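Structural characterization, general
Here is how the chains run, residue by residue.
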Amino acid sequence: QGQLVESGGGSVQAGGSLRLSCAASRSTYSTNWIGWFRQAPGKEREGVATISPRTGSPYYADSVKGRFTISQDNAKNTVYLQMNSLKPEDTAVYYCAAKDRYSWPPLRSVDYNYWGQGTQVTVSS
């Protein structure tokens, strides 16, 4: 199995935007879902959004609907997370992960097989 590498994290003010990238090997990219998760200090990891690279079908956590957009570029084997209208509560380490097993709903961290190293997102008030 290939690796997943996140990039694009940084520090922004509330209301700002960031775009995260998840670069994957071709074999890792061809999975049921590639998703984004986040974990703040002292809190449990939570799902943010996920997408099926084969179909492009997205699935979002309620907390980010209308603000975040997940998309893919199959030619680059890359999944993106466009984050707009960022809030301080969005501050966390964001992880990219891949799932090759069937499960539903598709945004549970325990169902994902492969994980990137994480990228820090900090939103100041």
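Structure: above.
The rules behind each value
- Residues numbered from 1 in each chain as written.
- Predicted model: local features only at pLDDT ≥ 70, side-chain atom pairs only at ≥ 80, totals over all residues.
- Heavy atoms only, no water.
- Helix = DSSP H or I, 4+ residues; strand = E, 2+ residues; numbered from the N terminus.
- Contact = heavy atoms within 4.5 Å.
- Pairing = 2+ DSSP bridges.
- Axes fitted to C-alpha atoms, helices over the stretch in contact; angles between N-to-C directions.
- Phe/Tyr/Trp six-rings, centres within 6.5 Å; stacked < 30°, edge-to-face > 60°.
- Buried < 20%, exposed > 50% of the residue type's maximum accessible area, 1.4 Å probe, protein only.

Quick look at the environment of Ser 7
- With respect to the secondary-structure elements, Ser 7 resides in strand β1 (residues 4–7).
- Each C-alpha atom, one on Ser 7 and one on Tyr 80, is 9.7 Å from the other, the two residues being 73 residues apart in sequence.
- When neighbours within four sequence positions are excluded, Ser 7 is seen to be in contact with Arg 19, Leu 20, Ser 21 and Thr 119.

Some thoughts on the sheet that holds strand β8 (residues 78–83)
- Strand order in the open sheet formed by four strands is β1-β3-β8-β7, with antiparallel pairing between adjacent strands. Because the sheet does not close on itself, it has two edges, and the strands there are β1 and β7 (68–73). Each strand axis lies, on average, 15° off the axis of its neighbour in the sheet, ignoring direction.
- Inspection of the sheet shows β1 paired to strand β3 (residues 18–24) by four bridges, in the antiparallel sense. For Leu 4, the partnering residue across the bridge sits in β3 and is Ala 24.

Topic: the packing of aromatic side chains
- All told, the structure shown has six aromatic pairs when counted by the stated rule.
- With centroids separated by 4.9 Å and ring planes inclined at 75°, the aromatic side chains of Phe 37 and Tyr 112 adopt a geometry described as edge-to-face. Remark: Tyr 112 occurs in the loop between β9 (92–99) and β10 (114–115) and Phe 37 occurs in strand β4 (residues 33–39); sequence separation between them is 75 residues. Pair check on accessibility: Phe 37 and Tyr 112 agree, each one buried.
- Ring geometry for Tyr 59 and Trp 104: centres 5.7 Å apart, planes at 75°, overall edge-to-face. Taken as a pair, Tyr 59 in strand β6 (residues 58–60) and Trp 104 in the loop between β9 and β10 lie far apart in primary sequence, 45 residues in all.
- For Tyr 59, a relative accessible area of 29% puts it in the partly exposed group.
- On the basis of relative accessible area, Trp 104 is assigned to the exposed category, the value being 53%.

Geometric descriptors of this kind do not, in isolation, establish any biological role.
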